[in-house]
Amino acid sequence: MATLATLVDWITGAKAAEGAVRETAMQDYLCRPLPNEHLFFWVRPIDNSKLKAEAAPEASRACVRSIVACLLAVVALVLALAPFAYNLLAGYQIRTLEAELEVIRQELALLDKQEAELSSSARLARLAEAERYVDPEPSELVPLAPAPDGAVAMTR
Amino acid sequence: MGPHLEPHRDRRVAILTGAFLLWALILAGRLVYLQIWRHHELAATAREQHNGTETIPAPRGKILDRTGEILALSVPVESAFVDPRNVDDIDRAADLLGSVLELDAQRLQERLAWGVENNKAFVWVKRKLTEEEASRLKALGQDWIRFRRESRRVYPKGPTAAHVVGTVDFEENGNGGLELSLDEELRGKPGLVTFLRDSRKRGVEFHVLVEPRPGADIRLSIDERIQYVANRELEQAARAFNCPTGSLVVVNPHNGEILAMSSYPPFDPNEPVRRPEDLASRTNQAISVPFEPGSVFKVVTLASALETTDLKPDSPIDCGPGVLVLHGRPIRDIHAYGVLPMQKVLAKSSNIGTIRAALRVGEPQLYEYIRRFGFGERTGIPLPGESPGVVHPLKRWHRTSIGSIAMGHELSATTLQLALAVSAIANGGVLPKPRLILGRQAPDGAYREEPVAAGRRILKPETAVLMRRMMESVVLEGTGRQARLAGFTSGGKTGSAQIPDPVTRRYTHRYHASFVGFAPVQNPVIVVAVTLNWAPRYGGVVAAPVFQRVAREALRILGAVPDIPLEEIEPDAPPTRQEELADVPDAGKQAVSPQHELARVAEPVLAEAPDGPDYFVGPRVPDFRGKPLRAVLAESARSGIPVQLEGSGLARRQDPEPGAVLAAGQRVRIVFAP
């Protein structure tokens, strides 16, 4: 089984040590050792209750500097990336608006066509005929101009 | 850890380190292979995947009439295509599409099968669908049917001005009329944009490589309302007299603006050409088909006589016993007119009188004047296929050519040439350049007006005025009485040129019936030229009524002020049979006494753009203020501008103000005070 423990064993040679110990134990009729029993952690308790913290203003400043530097770095990164992000969003927006503009243009063209068809003289003439409109007689026309009386340069 | 373990561990660590090194080497090699060896190829692939390039369409410009009515525009339409690889059952798909779009299912199936065999992802089903077809297709709800937006040229006014506007082919390239001659301007130039796209192929960053240049909108001098009337009247007359072809031109004589140009037979530019006969109807008869003008041309002959000889409108011309033998060739009038004043020669369309006047002019000068009037050369109208007509050079004239040419034979002219020639008479002697394009509307909205081309003076103003009065007598008492207008004076000339049969080489009893006239006589607003080919009757009967109806409507639309009292209007009297025959060369005529006193010169303003939305340019009003009655009358008589006088003493006020353009039929009101 390729577990992490076996991988560590394999790398550190613990398996081989285990084999050697097993051979000796069998010979000496000793109990079988546990794997890695020669490795142990020793914890030494330390009593810091009587210690007094020494003033270290340099460390405090260094800490603040580190924090500020990190913040500045983050802000700089954000500022550096902001135009790209803005471009990206603006690009989507431009694309959407262009699509809308194209749709509006197409609708406008269709409306222009309909309007031109509806206002064509041929259609108006058909409507007039259907409504039985008639052209006025010349005598019914009232010209909006000065009366010809008094004109002296006319040859008629 | 015992010392016996060290060699094992070192060896394994070395193996592991070696493995890691090998792995790192493989990675590095792979990187070198990808980043250096295949750099260009992979970079190109990445660019292709991330960067897109699109054409920015440049919509074709509109064509508008002078009032802004749309005569041609492009509208979006949808085209259907399929990816044959996504179609499960090609036979069924072909049947379905064929039934919905009324296509040949067998051919469609073959195309789809070809697409599958050749691994094609795009096969057109039908392009530029109608709205109904598109909605039917969408209602099927099949995801393998895809649509693409395209553009289609439409002509909302149908046949109105179709010969002027022209047509485009399936790809919207102009193939006739202004669509062809202004194709480059109308089409514009598409642009190119490159963009970065995300994983969903949405564009996020754009860079315009080539700026698009949309087609310009073209504003024409054509008035759609007048054009409609012209089409209607020409068609009615052509049908009534069974004429296969005809043409009509309405011109503003002062600046050459073409207000209407109609050609018969008509065609609808929205309909595709289905039969070879359809192509014939697309010929613009007004500019492309010259014909022998016949008696209409007598206007040119007599104008040149007034200019170059001592003949005056009241000069007697001996028309003899009705027959003139010119170098052995007999030329006849319908009647023995005897001695006629020159004015009556035109009114009665006497062949002999006209020839006698031409003989006094002489061949060189007659030829010069024919050319001065613009015959034998293209007018320069921006339409394709214009014919210059035929005017033989002087050295090719025979001994009797002067007789034929004086009557409008042995040469040919287009209806537009005739209209412009009479425009020169109407405007005071300047041959105008035809003006069909008023301006261009750039895509940014800026309107650029087309400058008015200066005409060239071909007649003295006095001659033009005399000719106008002589042509008025044609309408009042000559062959063109059916051209009389209610409320307006009018002048013109009829023409009826017999058409020779090329097989028998004899004249048939069919005519190029024409009428060219203007109204009002003083300061004319319009010139109308009408021609009906292969007419069974004469210009005075066939063409003059068309002039009358078109001119009446055009004057109303243009807002011209009537220049004669409405009470003087008389019902149209059709010309007698004898009067009709007078138009036909080598036929007889009879005389009518002269009536009109000739007026003096009205000097029009030419080669100048009209102010504002005015349709026409008239003479400028002189400054009458401060002058006594006698001086005012003298100035009025000299300039030909009618005045209306009130009071006595010195002229104190006038309306319109000095320098204003006088509209047709308008008078200058002058108030006198001590």
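An account of the accompanying structure is given in this report. As the structure is a prediction and not an experimental result, all values here were calculated from the model. (Residues numbered from 1 in each chain as written. Chains lettered and ligands numbered in written order. Predicted model: local features only at pLDDT ≥ 70, side-chain atom pairs only at ≥ 80, totals over all residues. Heavy atoms only, no water.)

**Side note on the overall build of chain B**
Cut-off, in case you're wondering: Going along the chain from the N terminus, every DSSP run of H or I of four or more residues is numbered as a helix, and every run of E of two or more is numbered as a strand. Each residue is assigned to one of three classes by its accessible area relative to the maximum for its type, calculated with a 1.4 Å probe on protein chains only: buried under 20%, partly exposed between the two thresholds, exposed over 50%. Two residues form a contact once any of their heavy atoms are found within 4.5 Å. Shrake-Rupley sampling with a 1.4 Å probe provides the accessible areas, and residues are treated as covered by the protein chains on show and by no other component.
The helix and strand tally for chain B stands at 22 helices and 28 strands. By the burial criterion, 54% of the 674 residues in chain B qualify as buried. Sequence separation of 24 or more characterises 72% of the internal contacts of chain B that already satisfy a separation of 6 or more. Counting only carbon and sulfur atoms, one obtains 53% of the accessible surface of chain B, whose full area is about 29,200 Å².

**Description of the environment of B:Leu182**
Residue and element names in this part refer to chain B. Its location among the elements puts Leu182 in the loop between helix H7 (177-181) and helix H8 (183-187). Expressed as a C-alpha distance, the spacing of Leu182 and Ile437, which sit 255 residues apart in the sequence, is 10 Å. Not counting chain neighbours up to four residues away, the residues in contact with Leu182 comprise Ile218, Ile437 and Arg440.

**Some remarks on unusual backbone geometry**
All names here are of chain B. Cis geometry marks the peptide bond from Tyr264 to Pro265; its omega dihedral reads 5°. Structurally, Pro265 can be placed in the loop between strand E12 (258-264) and helix H10 (276-281). Cis rather than trans, the peptide bond between Ala519 and Pro520 has omega equal to -15°. As for its position among the elements, Pro520 is in the loop between strand E24 (506-519) and strand E25 (526-535).

**Things to note about the nonpolar core**
All names here are of chain B. Worth spelling out the cut-off: Each nonpolar core is a collection of buried residues, namely Ala, Val, Leu, Ile, Met, Phe, Trp, Tyr and Cys, held together in the definition by side-chain atoms within 4.5 Å.
Among the nonpolar cores identified, the biggest contains 87 residues, and Leu220, Ile258, Met261, Ile370, Phe373, Phe375 and Met467 are the most heavily contacted of them. Of all the elements, helix H17 (residues 415-427) adds the most residues to this core, at nine residues. Setting aside residues no more than four positions away along its own chain, Phe373 makes contact with Val300, Ala303, Ala421, Ile425, Leu431, Ile458 and Leu459. If you look at the next biggest cluster of nonpolar residues, it comprises 40 residues, including Ile226, Leu234, Leu532 and Ile557.

**Here's the deal with the layout of surface pockets**
Condition: A pocket, in this scheme, is an open set of points on a 1 Å grid over the protein atoms alone with protein on both sides within 12 Å along at least 5 of 7 lines, while a cavity is a set where a 1.4 Å probe fits but cannot get out; residues line either one if an atom lies within 4 Å of a point. Grid points are joined across faces, edges and corners, and a volume is the space filled by probe spheres set on the points.
Within this model, the largest pocket holds a volume of roughly 2,200 Å³. Taken together, 48 residues line the largest pocket, and the ones lying closest to its centre are A:Glu102, B:Ile56, B:Pro57, B:Ala58 and B:Pro59. Listed by contribution, the elements that provide at least two residues to the lining of the largest pocket are helix H3 (57-118) of chain A together with strand E1 (51-56), strand E3 (70-82), strand E5 (145-154) and strand E9 (203-210) of chain B. Among the elements that make up the lining of the largest pocket, the one with the highest residue count is H3(A) (twelve residues).

**Concerning the sheet that holds E1(B)**
Residues and elements named next belong to chain B. In plain terms, the rule: The pairing criterion is simple: DSSP has to find at least two bridges between the two strands. Here the axes come from fitting lines to C-alpha atoms, over the contacting stretch only for helices, and the angles between their N-to-C directions go from 0 to 180 degrees.
The strand order across the open sheet built from three strands is E1-E8-E9, with neighbouring strands paired in antiparallel fashion. Since the sheet does not close on itself, it has two edges, and those belong to E1 and E9, each with one partner. The average angle at which neighbouring strand axes cross in this sheet is 25°, direction not considered. In the sheet, E1 pairs with strand E8 (residues 191-197) via six bridges, with the strands oriented antiparallel. For Thr55, the partnering residue across the bridge sits in E8 and is Leu192.

**Some thoughts on the packing of H17(B) against helix H18 (residues 461-477) of chain B**
Residues and elements named next belong to chain B. For clarity, the cut-off: Angle categories are assigned with fixed cut-offs, so that under 35 degrees is roughly parallel, over 145 is roughly antiparallel, 65 to 115 is roughly perpendicular, and the rest are oblique. Charged residues are taken to be Asp, Glu, Lys and Arg, nonpolar residues to be Ala, Val, Leu, Ile, Met, Phe, Trp, Tyr, Cys and Pro, and polar residues to be all remaining types, Gly included.
Relative to each other, H17 and H18 sit at 110°, their axes nearing to 7 Å. Put simply, H17 runs roughly perpendicular to H18. Taken together, the residues of H18 that come into contact with H17 (itself represented by Val422, Ala424, Ile425, Ala426 and Asn427) are Ala464, Met467, Arg468 and Met471. A per-class count over the contact of H17 with H18 returns seven nonpolar, one polar and one charged.

**Side note on the sheet that holds E25(B)**
Residue and element names in this part refer to chain B. What the five strands build is an open sheet, ordered E12-E11-E25-E24-E23; its pairing is antiparallel. Both edges of this open sheet fall to E12 and strand E23 (491-501), since each of them pairs with a single strand only. Averaged over all neighbouring strand pairs, the angle between strand axes comes to 10°, with direction disregarded. Across the sheet, H18 is in contact with E23 and E24; its angle to E23 comes to roughly 70°.

**Side note on a nonpolar patch on the surface**
Cut-off, in case you're wondering: Patch definition: residues above 30% relative accessible area lacking any salt bridge, with like charges linked at up to 9 Å and the nonpolar side chains Val, Leu, Ile, Met, Phe, Trp and Tyr linked at up to 5 Å. A pairing counts as a salt bridge when a side-chain nitrogen of Lys or Arg comes within 4 Å of a carboxyl oxygen of Asp or Glu.
There is a patch of nonpolar side chains on the surface, built from B:Leu16, B:Phe20, B:Trp23 and B:Leu27 and spanning about 420 Å² of accessible area. Positionally, B:Leu27 belongs in helix H1 (residues 6-37).

**Re a negative patch on the surface**
All names here are of chain B. The condition that has to hold: In this tally Asp and Glu are treated as negative and Lys and Arg as positive; neither His nor the chain ends contributes. Where a charge lies is defined by one atom per residue type, namely NZ (Lys), CZ (Arg), CG (Asp) and CD (Glu).
Residues Asp88, Asp89, Asp91, Asp95 and Asp143 make up a contiguous surface patch of negative charge. Looking at the element boundaries, Asp88 is found in the loop between E3 and helix H3 (90-101). On the accessibility criterion, Asp88 (80% relative accessible area) is exposed.

**Points about the side chain of B:Asp183**
All names here are of chain B. Take Asp183: it is sitting in helix H8. Classification of Asp183 by relative accessible area gives buried; the value is 11%. The contacts of Asp183, once residues within four sequence positions are left out, are Arg60, Glu172, Asn173, Gly174 and Leu178.

**What to know about the packing of aromatic side chains**
All names here are of chain B. As a reminder, the rule being used: Only Phe, Tyr and Trp rings take part, Trp by its six-membered ring, and two of them pair if their centres are within 6.5 Å. Stacked means planes under 30 degrees apart, edge-to-face means over 60, and tilted covers everything else. In our convention, an over-ring charge means Lys NZ or Arg CZ found within 6 Å of a ring centre and within 35 degrees of that ring's normal.
For the coordinates displayed, the defined rule picks out eight aromatic pairs over all chains. Between Phe20 and Trp23, the aromatic rings sit 6.4 Å apart at their centres with planes inclined by 70°, giving edge-to-face as the arrangement. Of this pair, Phe20 and Trp23 both sit in helix H1, three residues apart, which is roughly one turn of that helix. Here the aromatic rings of Tyr367 and Trp397 are separated by 6.0 Å at their centres, their planes lie at 80°, and the arrangement is edge-to-face. With Tyr367 in helix H15 (residues 363-372) and Trp397 in the loop between strand E17 (390-391) and helix H16 (401-406), this pair connects stretches of sequence that are 30 residues apart. In this structure an aromatic cluster arises from ring pairing among Phe81, Phe122 and Trp124. Above the ring of Trp124, the side-chain terminus of Arg127 is found at 5.2 Å from the ring centroid. Above the plane of the ring of Phe170 lies Lys128, whose end atom (NZ or CZ) is 4.7 Å from the centre.

**Some points on the pattern of salt bridges**
If the charged atoms of two oppositely charged side chains come close together, the side chains can form a pair. Residue and element names in this part refer to chain B. The full count for this structure, using the stated rule, is 36 salt bridges over all chains. Ionic pairing is found between Glu477 and Lys344, a salt bridge with its closest N-O pair at 1.6 Å. With Glu477 in helix H18 and Lys344 in helix H13 (residues 342-347), the pair connects residues that are 133 residues apart, well separated along the chain. Look at Lys344 and you get buried, because its relative accessible area is 0%. When the shortest N-O distance is used, the salt bridge between Glu449 and Arg435 registers 3.7 Å. Separated by 14 residues along the polypeptide, Glu449 in strand E21 (residues 447-449) and Arg435 in the loop between strand E19 (430-431) and strand E20 (437-441) bring together distant segments of the chain. Classification of Glu449 as partly exposed rests on a relative accessible area of 44%. Residue classification places Arg435 among the buried residues on the basis of a relative accessible area of 5%. The network of salt bridges with shared partners includes Arg60, Arg153, Glu179, Asp183 and Arg187.

Interpretation in functional terms is not warranted from these geometric data alone.
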